[in-house]
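# Report on the structure
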Amino acid sequence: MPELPEAETIVRDLRGRVPGHTVVSTRVLRLDLLAKGLTARRFDKMLKGRRIEGVERRGKNVVLVFDGGVRLIINLGMTGRVVTSDGARAGEMRHIGAELDLDDGRRILYDDARRFGNLDVRDAAGWAARDAELGTEPLSDAHTGAHLYELTRRSITPIRNWLLDQRRLAGVGNIYAVEALYRAGIRPSRRAKTLTKREAWLLRDTLRAVLQESIDRRGTTISDYRDADGQNGEFASQLEAYGREGRPCHRCGTRIKRVVLSNRSAFYCPKCQK
């Protein structure tokens, strides 16, 4: 957390605010947030004086695109937030790790309480290499049921864990994997290669649906996530499985169970997800 819908919400917010503006200075307040080998001096050198041409999302990453093909890649980790200084609750940010000063007097602020996030700056070639490390976008036309079925054929990994592998699907995290599997009636602990073609298509559809619904509600705030205004997302009230251990299934009334897979909790209905 944050996952694809949260990153997408932030990207859409920033897209209407920062393109066309130039970075006049930068400040890195938490050096441990910088990618390996990246110094505060190089961070400033690569971004200062550059014009923001666009804002994109790749997987769970917020990507600021600058002139010359330079990109600032912001991985939000567990508690990362990207806000603009004119946001309604920007003044509440208490763990600011980096700032970009813009030519209109505003600032882009990266706030991260637990500092599991990451800031990286790449030129065009470096970004191409980084992009190639990530899997298919689950909301793209390339992500079909047939594609999902073929990718899972040789994997004995539990399907919940498989969905979290960013080299396979870029942007899916635990919350939305659990929700998609619940809707598809697939138990999180099933081996990926046991999915049938019908189940692969169904999972593809439920995953797309839950991601889009969360985007429409501006993401899921359970504890730390905030949008670019510092506001909470509204999808938490729609969760049907995640975090509902011991509560009745919305379909059949059976109590939701929790299972730990690779040290992370997954939630499922033992009746609906056989």
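These numbers were taken from a predicted model, which means no experiment stands behind them.

### As for the packing of aromatic side chains
Inspection of every chain in the model, using the stated rule, returns two aromatic pairs. Here Tyr 176 and Phe 235 contribute two aromatic rings whose centre-to-centre distance is 6.3 Å and whose plane-to-plane angle is 35 degrees, an arrangement assigned as tilted. Of the two residues, Tyr 176 sits in helix 6 (residues 174–184) while Phe 235 sits in the loop between helix 7 (197–216) and strand 9 (257–261), which places them 59 residues apart along the sequence. Each member of the pair, Tyr 176 as well as Phe 235, is classed as buried. Pairing Tyr 242 with Phe 267 gives two aromatic rings, centres 5.4 Å apart and planes at 70 degrees, and the pair type is edge-to-face. Taken together, the residues Tyr 242 in the loop between helix 7 and strand 9 and Phe 267 in strand 10 (residues 264–268) connect sequence positions 25 residues apart. When its relative accessible area of 22% is taken as the criterion, Tyr 242 is described as partly exposed. Judged by its relative accessible area of 7%, Phe 267 falls in the buried class. Directly above the aromatic system of Tyr 182 lies the positively charged group of Arg 251, at a separation of 4.6 Å from the ring centroid.

### Considerations on the nonpolar core
In terms of nonpolar packing, the biggest core is built from 32 residues, with Leu 14, Phe 43, Val 62, Leu 64, Leu 72 and Ile 74 touching the most fellow members. Residues contacting Leu 64, with those up to four places away along its chain left out, are Leu 14, Ile 52, Gly 54, Val 55, Val 70, Arg 71, Leu 72, Ile 74, Leu 100 and Ile 108. In this structure, Leu 164, Leu 169, Leu 195 and Val 210 belong to the second largest nonpolar core, which totals 26 residues.

The rules we used
Position numbers for residues count from 1 along each chain, tracking the sequence in the order it is written. This being a predicted model, a pLDDT of at least 70 is required before a residue's local features are given, and a value of 80 or more before pairs of side-chain atoms are given or counted; all residues contribute to the totals for chains, interfaces and linings. Hydrogens and waters are ignored; side-chain quantities use all the structure's heavy atoms. Aromatic rings from Phe, Tyr and Trp, with only the six-membered ring used for Trp, were paired whenever their centres fell within 6.5 Å, and each pair was classed as stacked if the ring planes differed by under 30 degrees, edge-to-face if by over 60, and tilted otherwise. Secondary structure follows DSSP: runs of H or I at least 4 residues long count as helices, runs of E at least 2 residues long count as strands, and numbering of each begins at the N terminus. Here the term buried applies to any residue with accessible area under 20% of the maximum for its type, exposed to any over 50%, and partly exposed to those in between, with areas from a 1.4 Å probe on protein chains only. The rule is short: NZ of Lys or CZ of Arg within 6 Å of the ring centre and within 35 degrees of the ring normal puts a charge over the ring. Residues belong to a common nonpolar core when they are buried Ala, Val, Leu, Ile, Met, Phe, Trp, Tyr or Cys residues joined through side-chain atoms within 4.5 Å. Should any heavy atoms of two residues lie within 4.5 Å, those residues are counted as being in contact.

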